[in-house]
Amino acid sequence: MSASRRSGTTDELGPEEPEPGGAELLAALLDGMDAALCALDADGVVTHWNREAERILGWSAAEAVGRQGFSGWAVRAADAEEVQGRLLSAMDAPGRQVHEFALVTKDGGRVLVRMQSAAVRGGDGKPAGVYCAFSEVHAQIDLERSIALSEALFEHASWGVVLVDADLRPAVVNEHAARALGVGRTAVLGRPLADLLGQGVEELESALAHVLGEGSPPAPAELWVSVRSAPDKEGGGSERRCWRSGFVRLASPLAEEPVPLGVGWLFLDVTEAKQTEQEASQLRFRSQQLHRAARAAAECEDPTEAATVHLDFALAGFADHALVDLLAGEDPVRLVRVAATPAGAPGPCLPVSKAGIPVRYPEGHPAPQCVARVGSVRASAGAGAGAGAGAGAADWASVRQWPEGSVHALCAVLRSRGRTLGVVTFLRGPGRAAFERPDATYAESVTARVAASLDLAQSAPR
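So, a few notes on the structure that sits alongside this text. (Residues numbered from 1 in each chain as written. Predicted model: local features only at pLDDT ≥ 70, side-chain atom pairs only at ≥ 80, totals over all residues. Heavy atoms only, no water.)

Core analysis: the biggest nonpolar cluster contains 30 residues, and W49, L57, F70, W73, L103, M115 and F134 have the highest contact counts within it. Those elements giving two or more residues to this core turn out to be strand 1 (36-41), strand 2 (46-49), helix 3 (51-57), helix 4 (61-64), helix 5 (77-88), strand 3 (97-104), strand 4 (110-121) and strand 5 (127-136). With four residues, helix 5 is the single largest residue contributor to this core. Apart from residues no more than four positions distant in its own chain, F70 is found in contact with C38, V46, W49, V75, V83, Q84, L87, L103 and M115. Counting 26 residues, the second-largest nonpolar core is a separate cluster that includes A307, V424, F426 and V450. (Core = buried A, V, L, I, M, F, W, Y, C linked by side-chain atoms within 4.5 Å. Buried < 20%, exposed > 50% of the residue type's maximum accessible area, 1.4 Å probe, protein only. Helix = DSSP H or I, 4+ residues; strand = E, 2+ residues; numbered from the N terminus. Contact = heavy atoms within 4.5 Å.)

Pairing is possible between side chains that carry opposite charge, provided their charged atoms lie close to one another. The full count for this structure, using the stated rule, is 16 salt bridges. The residue R55 makes a salt bridge to E136 at a minimum N-O spacing of 3.7 Å. Of this pair, R55 sits in helix 3 while E136 sits in strand 5, and the two are 81 residues apart along the sequence. Of the charged contacts, one joins D325 and R337 as a salt bridge, the two residues approaching to 2.5 Å between their closest N and O atoms. Within this pair, whereas D325 is found in strand 11 (residues 321-330), its partner R337 is found in strand 12 (residues 333-340), the two being separated by 12 residues in sequence. What makes D325 buried here is its relative accessible area of 0%. Through salt bridges with shared partners, one network takes in E222, R244, K274 and E277. (Salt bridge = Lys/Arg side-chain N within 4 Å of Asp/Glu carboxyl O.)

The next thing to look at is the sheet that holds strand 13 (residues 350-351). An order of 13-12-11-16-15-14 is seen for the six strands of this open sheet, with the pairing classed as antiparallel. Edge strands, defined here as strands with exactly one partner in the open sheet, are strand 13 and strand 14 (377-380). Two elements, strand 11 and strand 12, share seven bridges in a ladder whose sense is antiparallel. Bridging from a neighbouring strand, G329 pairs with R334 of strand 12. (Pairing = 2+ DSSP bridges.)

From the geometry alone we can't say anything about function, so treat these as descriptive.
Right under this line is the structure:
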């Protein structure tokens with residue numbers, strides 16, 4: 001057979017001759033191994049040589065079996081004695097022996113191999129020979145590096161690593177990914193992604209399905225997601241995170257045709273960087289809007305028109321509606337509506353005429369509070385106390401006499417030359433974020449210009 005030699009020497013490696021067909025079965029088993037296998041008897045004669053050994057060195061089983069050691073063909077003459085001694089020493093040593101040395105290929109080349117050898121004992125228990133398994137060192141090193149890399153990724157990586165199976169369920173996660181998902185490493189396994197993520201899960205599942213079907217994308221993707229186990233932010237909803245994600249399709253290396261094993265998903269939380277980038281972009285845009293508003297307002301002959309022009313430019317990307325109320329009395333606070341955007345579809349802020357009748361704001365309304373505090377006041381549907389706090393979200397705007405559908409409000413005081421002139425109320429509809437501190441800062445910049453124009457309008461001779 002290709003891996004054995006029918007002789008008395010071969011008999012020494014076993015207690016009895018294999019039954020008919022046993023030699024062929026053994027040859028098939030040895031030839032099917034991924035490792036190169038060979039055997040030497042107690043005298044150092046080669047008795048077995050499989051196909052992987054033939055592939056690595058080029059010597060066929062017919063050329064190798066029956067040779068006295070490796071001298072003169074598989075090793076250099078200068079190394080033959082040392083190699084032979086190291087291999088046969090395994091007969092007198094317990095367990096396996098590991099050696100690294102250079103072998104000679106049939107075409108005269110040299111290949112460095114790592115060889116493991118172990119003694120084979122006969123029926124009387126005495127050493128009958130040595131079995132050896134060897135592989136090219138670079139292949140072994142590549143394997144060890146792959147294993148080391150895999151272990152490092154799943155234990156020590158500073159970014160999330162998730163192995164998702166063909167059903168789009170996590171099969172393996174590293175410590176970083178488990179912390180990001182807010183669950184333990186074992187608790188996440190086998191669960192649908194929708195159990196772990198809220199917003200953004202559809203986009204993630206679509207990306208994973210695409211990678212399974214089409215292969216890895218050419219560049220990382222930035223996915224905004226919300227983690228279900230994350231604590232809710234004040235005002236509702238768990239905090240959204242931006243994960244820069246890369247995807248790699250995994251296929252079995254043991255099959256002739258690639259068999260998909262799943263997708264390797266690697267991600268890094270870049271939320272802070274993206275938020276900083278967005279805030280910088282937003283700041284540039286708002287500065288440009290203030291500059292454009294100043295140039296447009298300079299062309300207006302009517303100071304009141306100039307005030308509304310400032311608000312029209314401020315609304316772009318900032319709010320859906322703007323209401324302007326001027327102060328008509330301070331004890332109690334009375335406010336008169338002088339300009340507003342349309343209650344229905346978005347439109348320009350225009351002057352309104354209500355014959356100087358104050359708006360009937362209920363007690364605790366944010367607009368009078370803004371005048372009393374001489375500072376901005378933020379409010380959202382379902383948050384905080386005050387007028388109409390017990391009403392549903394649908395009634396929240398109507399109770400406060402704001403346009404229907406408003407769910408977030410920011411009241412900014414109008415002041416000019418040390419005097420309080422009134423209030424500008426900015427409103428946002430559903431689907432938009434609540435007003436935050438940077439929004440209040442921007443609103444103060446806008447209202448300062450609006451107040452200057454309205455003060456000029458009030459001071460103009462009638």
